[in-house]
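Coordinates in review
Each chain, letter by letter, is given below.
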Amino acid sequence: MKKNVLKNLCSAALILIMVNFTSAQETKMVGGAPMYPSKNIVENAVNSKDHTTLVAAVKAAGLVETLQSEGPFTVFAPTNEAFDKLPEGTVATLVKPENKAKLTAILTYHVVAGELDAKALMNKIKEGNGTAELTTVNGEKLWVMMSGDDLMLKDMKGNMAKVTISDVYQSNGVIHVIDTVLMP
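This report concerns the structure included in the present document. Every value quoted in this text rests on a predicted model; they were computed, and no experiment measured them.

Rules and cut-offs
- Residues numbered from 1 in each chain as written.
- Predicted model: local features only at pLDDT ≥ 70, side-chain atom pairs only at ≥ 80, totals over all residues.
- Heavy atoms only, no water.
- Helix = DSSP H or I, 4+ residues; strand = E, 2+ residues; numbered from the N terminus.
- Buried < 20%, exposed > 50% of the residue type's maximum accessible area, 1.4 Å probe, protein only.
- Contact = heavy atoms within 4.5 Å.
- Areas by Shrake-Rupley, 256 points an atom, 1.4 Å probe, with all protein chains shown as cover.
- Core = buried A, V, L, I, M, F, W, Y, C linked by side-chain atoms within 4.5 Å.
- 1 Å grid on protein atoms, 1.4 Å probe; cavity = no way out; pocket = protein on both sides within 12 Å on 5 of 7 lines; lining within 4 Å.
- Points joined across faces, edges and corners; volume = space filled by probe spheres on them.
- Nonpolar A, V, L, I, M, F, W, Y, C, P; charged D, E, K, R; others polar.
- Pairing = 2+ DSSP bridges.
- Polar contact = N/O pair within 3.5 Å; in protein donor to acceptor, adjacent residues only side chain to side chain.

1. Section: the overall build of the chain
Across its full length, the chain holds eight helices and nine strands. Going through the 184 residues of the chain one by one, you find that 40% of them count as buried. In the chain, once contacts between residues fewer than 6 apart in sequence are set aside, the share between residues at least 24 apart is 60%. Counting every atom, the chain has about 10,300 Å² of accessible surface; 57% of that belongs to carbon and sulfur.

Shown next as structure tokens:
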């Protein structure tokens, strides 16, 4: 009898832990598509209608395999509208094979090693007295701060990007959707 009670309590505790973990890593909608925490960054991004330009750029830069790897990665993912803010012809020029190195530098500037969800970013901001400095995968710095209730990013050129959707969990990291392309 005691074994059954103990077994049932353990089962109930395990279920509660799983429910709490699942709710912390909920499926979010991005670009009209569900982003499943069980899928990797690329598997989810290809389904977002808001990230077709980013996906095409990742493919042109040869970064698909990297972003499908174990990670974990924090990706600040610019929308199609963010790419549209760039001067006319910029994206078409960057995706040409002869510009692969420049494109790769820009894209890897949007990636930080490790999984930094909004809570972790806010903790870093607090520790940094209002600004957190991150080192991107391409080795350059990126700054995170709050503006009211919004998480904001500042690039090397002083451009500001707003996080419009945070904490889109992936099997190999987390994505934060942003409204501006960051420049190293």
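Once you've had a look at it, read on.
2. Some details on the nonpolar core
If you look at the biggest cluster of nonpolar residues, it comprises 27 residues, and the most contacted ones within it are L67, V75, L107, I175 and V181. Secondary structure elements with two or more residues in this core: β2 (33-35), α2 (41-45), α3 (52-60), β3 (73-78), α5 (80-84), α7 (100-108) and β9 (173-178). By size, the runner-up hydrophobic cluster in this structure holds 17 residues, among which are L153, A161, V163 and I178.

3. Examining the layout of surface pockets
Each pocket or cavity is described by its volume, and for the largest pocket that value is around 300 Å³. The wall of the largest pocket is formed by 26 residues, among which I41, L54, V58, L67 and V75 lie closest to the centre. Elements with a contribution of two residues or more to the lining of the largest pocket: α2, α3, α4 (64-68), β3, α7 and β9. The element contributing the most residues to the lining of the largest pocket is β3, with four residues. Tallied by class, residues from the lining of the largest pocket come to 21 nonpolar, five polar and no charged.

4. Looking at the environment of V174
The topology assignment puts V174 in strand β9. What makes V174 buried here is its relative accessible area of 0%. Between the alpha carbons of V174 and P72 there is a distance of 7.9 Å; along the sequence they are 102 residues apart. Not counting the four nearest positions on each side in its chain, V174 is found in contact with F73, T74, V75, E115, L116, D117, D167, V168 and Y169.

5. Quick look at empty space enclosed by the protein
The tally for this structure, following the rule as stated, stands at one cavity of 30 Å³ or more. Of the volumes computed, that of the largest cavity is approximately 40 Å³. As for the largest cavity, its lining consists of A57, F83, V91, L94, V95, L103 and I106. At the level of elements, α6 (90-94) and α7 are the ones that each hand at least two residues to the lining of the largest cavity.

6. As for the pairing of β3
A regular strand carries its side chains on alternate faces of the sheet. Buried residues dominate β3, accounting for six of its six residues. Judged by which residues are buried, β3 turns out to be covered on both faces: F73, V75 and A77 on one side and T74, F76 and P78 on the other are all buried. Of the pairings in the sheet, the one linking β3 to strand β4 (residues 111-113) comprises three bridges and is antiparallel in character. Paired with T74 across the two strands is V112, which belongs to β4.

7. Concerning the side chain of Q170
Note that Q170 resides in strand β8 (residues 160-170). Within the local environment of Q170, its side chain forms a polar contact with the side chain of N44, the two groups lying 2.8 Å apart. With near-sequence residues (within four places) excluded, Q170 lies in contact with M35, P37, K39, N40, I41, N44, E115 and I175.

8. A word on the environment of V168
Relative to the helices and strands, V168 resides in strand β8. Between the C-alpha atoms of V168 and M35, which are 133 residues apart in sequence, the distance is 6.9 Å. Those residues in contact with V168 that lie beyond four places of it in its chain are K28, V30, M35, G173, V174 and I175.

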